[in-house]
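One-letter residues, chain by chain:
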Amino acid sequence: MIERRTLIASALAATAIAPLSGQASAMASKAKARPFKLFDCHGHFYTDDWRNYPFDAHTARYGPERMVAKAMENPMTAEKVLKFWDEAGIERGLGVQYSSTYFTDNSYLLDIAEKYDRIIPIVILDATAADETPATLKKMASENGIAGVRFMGVPNENNEFPFLTDAASASWEMANELGLTITLMPITRTDPGKAIRRVGELADKYPNVGVVLDHIGFPRYGARPDSWGYLPEHLELAAHKNIHYKYTTFLIEMLLADDTPLKEFLEYTVGVYGADHMIWGSDIGNSEVDDLLFVQHALDSASGLSMEQQKALFYDTAKSLFIPGGRGAA
């Protein structure tokens, strides 16, 4: 936990977070004219009310002090994110538990999801806690209307992610029983294909789980231009029909930094996986960008797709995949 003196010092040292660009009204006008609403599959929520919701930011990618400073300077409260959703034409979406602020304490997320039915919670739990997590998933599905769980962690000495090992079997089995989604981000520099292959194996073993690959596994166009950045193991996942691929602002940031032609990249990706297996997320609360501008980047990159494909990517697939309480038994 972050101590009070650290929190205060961090807040004073916070760098200013860039505000939205002032194009909110223009985006709102475009949203009204758009022939489909959006479903945001990657929203992060956190508050500066640290007394009621203490920070645990030890997993933050840029360090706990900067994360706490960011949260205190520019909290992503439900009210602030819902205002952004309104401006962008987002009907509803997911509250994806943010490990960087609260680790596995899902209290704030569940509280705001209870208050606002536009927010569907995706919690973070320890996949390997066989004596706790399956029961917690069942309870949260029934009482809190969660649609899924995010399993996270770093590889062990065998270069295996704990949430992809047999130690996580009980948690996967419960998610399969309930028809929940499991969101994964198995990124490693050492033999990255190994983790991706394992995702495919688990998708086959638990066919009633909707598996979601966050940020589509971070394909790097600059490293593999012939396949638009995808590993062979990435492309082989297309055979597994319960795996879905999340196209996000965070990924778009990386693709633009790699000088990736977004429109062509997305068209290739849809050709591989199908728009009915793709979803979109704003990554608000994590990416430090003009959020409305990057919504427009995503929409512009999809302009070459058919209207049916665009609706699938930005709304229909997510609506059918993320069911509060789970989809139930197969």
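Scoring rules and cut-offs
- Residues numbered from 1 in each chain as written.
- Predicted model: local features only at pLDDT ≥ 70, side-chain atom pairs only at ≥ 80, totals over all residues.
- Heavy atoms only, no water.
- Helix = DSSP H or I, 4+ residues; strand = E, 2+ residues; numbered from the N terminus.
- Rg over C-alpha atoms; globule rule 2.2 N^0.38 Å.
- Buried < 20%, exposed > 50% of the residue type's maximum accessible area, 1.4 Å probe, protein only.
- Contact = heavy atoms within 4.5 Å.
- Areas by Shrake-Rupley, 256 points an atom, 1.4 Å probe, with all protein chains shown as cover.
- Lys, Arg positive; Asp, Glu negative; His and termini not counted.
- Charge placed at Lys NZ, Arg CZ, Asp CG, Glu CD.
- 1 Å grid on protein atoms, 1.4 Å probe; cavity = no way out; pocket = protein on both sides within 12 Å on 5 of 7 lines; lining within 4 Å.
- Points joined across faces, edges and corners; volume = space filled by probe spheres on them.
- Nonpolar A, V, L, I, M, F, W, Y, C, P; charged D, E, K, R; others polar.
- Pairing = 2+ DSSP bridges.
- Axes fitted to C-alpha atoms, helices over the stretch in contact; angles between N-to-C directions.
- pLDDT = per-residue confidence, 0-100.
- Phe/Tyr/Trp six-rings, centres within 6.5 Å; stacked < 30°, edge-to-face > 60°.

Asker: Mind showing me how you'd approach the overall build of the chain here?
Answerer: A count of helical and extended segments in the chain gives 14 helices and 8 strands. Its C-alpha atoms give the chain a radius of gyration of 19 Å, near enough to 20 Å, the size a compact globule of 330 residues would have. Its C-alpha atoms give the chain principal-axis dimensions of about 50 × 50 × 35 Å. Within the chain, buried positions represent 55% of all 330 residues. In the chain, the share of contacts with a sequence separation of at least 24, taken over all contacts with a separation of at least 6, comes to 81%. Roughly 14,000 Å² of accessible area belongs to the chain as shown, and the carbon and sulfur atoms make up 51% of that amount. Computed over 31 positive and 44 negative side-chain charges, the separation of the two mean positions in the chain equals 4 Å.

Asker: Can you help me understand the side chain of glutamine 296 in this one?
Answerer: With respect to the element layout, glutamine 296 can be found in helix α13 (residues 291–301). For glutamine 296, a relative accessible area of 18% translates into the label buried. Every residue in contact with glutamine 296, bar those within four places of it in the chain, is listed here: Met27 and Lys30.

Asker: I tried to follow the environment of alanine 298 on my own but got confused; where do I start?
Answerer: Within the fold, alanine 298 resides in helix α13. Given the relative accessible area of 0%, alanine 298 is considered buried. Along the chain, alanine 298 and threonine 59 lie 239 residues apart, while their C-alpha atoms are 28 Å from each other.

Asker: Which parts of the structure should I look at to understand the layout of surface pockets?
Answerer: Unfilled space is identified by rolling a water-sized probe across the atoms. When its volume is computed, the largest pocket comes out at roughly 1,100 Å³. Considering the residues around the largest pocket, the lining is formed by 43 residues, among which Met152, Gly153, Met185, Ile187 and Phe218 are closest to the centre. By residue class, the composition of the lining of the largest pocket is 23 nonpolar, 13 polar and 7 charged.

Asker: Looking at this model, I keep getting lost on empty space enclosed by the protein. Mind explaining?
Answerer: Counted under the stated rule, the structure contains 1 cavity of 30 Å³ or more. Within this model, the largest cavity holds a volume of roughly 30 Å³. Surrounding the largest cavity, Leu237, Ala238, His240, Lys241, Ile243, Tyr245, Tyr273 and His277 form its lining. When its residues are assigned to classes, the lining of the largest cavity shows 5 nonpolar, 2 polar and 1 charged.

Asker: Mind showing me how you'd approach the sheet that holds strand β2 (residues 90–96) here?
Answerer: Strand pairs in the sheet, formed through backbone hydrogen bonds, run parallel or antiparallel to each other. With respect to topology, 8 strands assemble into an open sheet ordered β1-β2-β3-β4-β5-β6-β7-β8, the strand pairing being parallel. Strand pairing shows two members of the sheet lacking a second neighbour, β1 (38–43) and β8 (278–281), which therefore form its edges. Strand-to-strand twist of the sheet, defined as the mean angle between neighbouring strand axes without regard to direction, takes the value 25°. By the bridge criterion, 4 bridges tie strand β5 (residues 181–184) to strand β6 (residues 210–213) in an arrangement that is parallel. The partner of threonine 183 across the bridge, within β6, is valine 212. The strands that helix α4 (residues 78–88) touches are β1, β2 and β3 (119–124); relative to β2, the one it contacts most, it runs at about 140°. Against the sheet, helix α12 (residues 262–273) engages β7 (243–248) and β8, with an angle of about 170° to β7.

Asker: Could you clarify how one ought to interpret the confidence of the model for the chain in this entry?
Answerer: A low pLDDT means the predicted coordinates there should not be read in detail. Taken residue by residue, the chain gives an average pLDDT of 92. The fraction at 70 or more is 93%. Counting contacts from residues 1–21, a segment whose pLDDT is below 50, to residues more than four positions away or on other chains yields 31 contacts.

Asker: Help me understand the packing of aromatic side chains in this model?
Answerer: Within a pair of aromatic rings, the relevant descriptors are the distance that separates the centres and the angle that separates the planes. Considering all chains together, one arrives at 18 aromatic pairs under this definition. On the numbers, 5.6 Å between centres and 20° between planes, the contact of tyrosine 46 with tyrosine 98 is stacked. Residue tyrosine 46 is located in the loop between β1 and α3 (64–73), and its partner tyrosine 98 is located in the loop between β2 and α5 (99–102); the two are separated by 52 residues in the primary sequence. The pair formed by tyrosine 46 and tyrosine 98 is uniform in burial state, with each residue classed as buried. Considering the side-chain rings of tryptophan 280 and phenylalanine 314, the 5.9 Å spacing of their centres and the 55° angle between planes classify their relative orientation as tilted. Taken together, the positions of tryptophan 280 in strand β8 and phenylalanine 314 in helix α14 (residues 307–321) put the pair 34 residues apart, joining distant regions of the chain. Each of the two residues, tryptophan 280 as well as phenylalanine 314, counts as buried.

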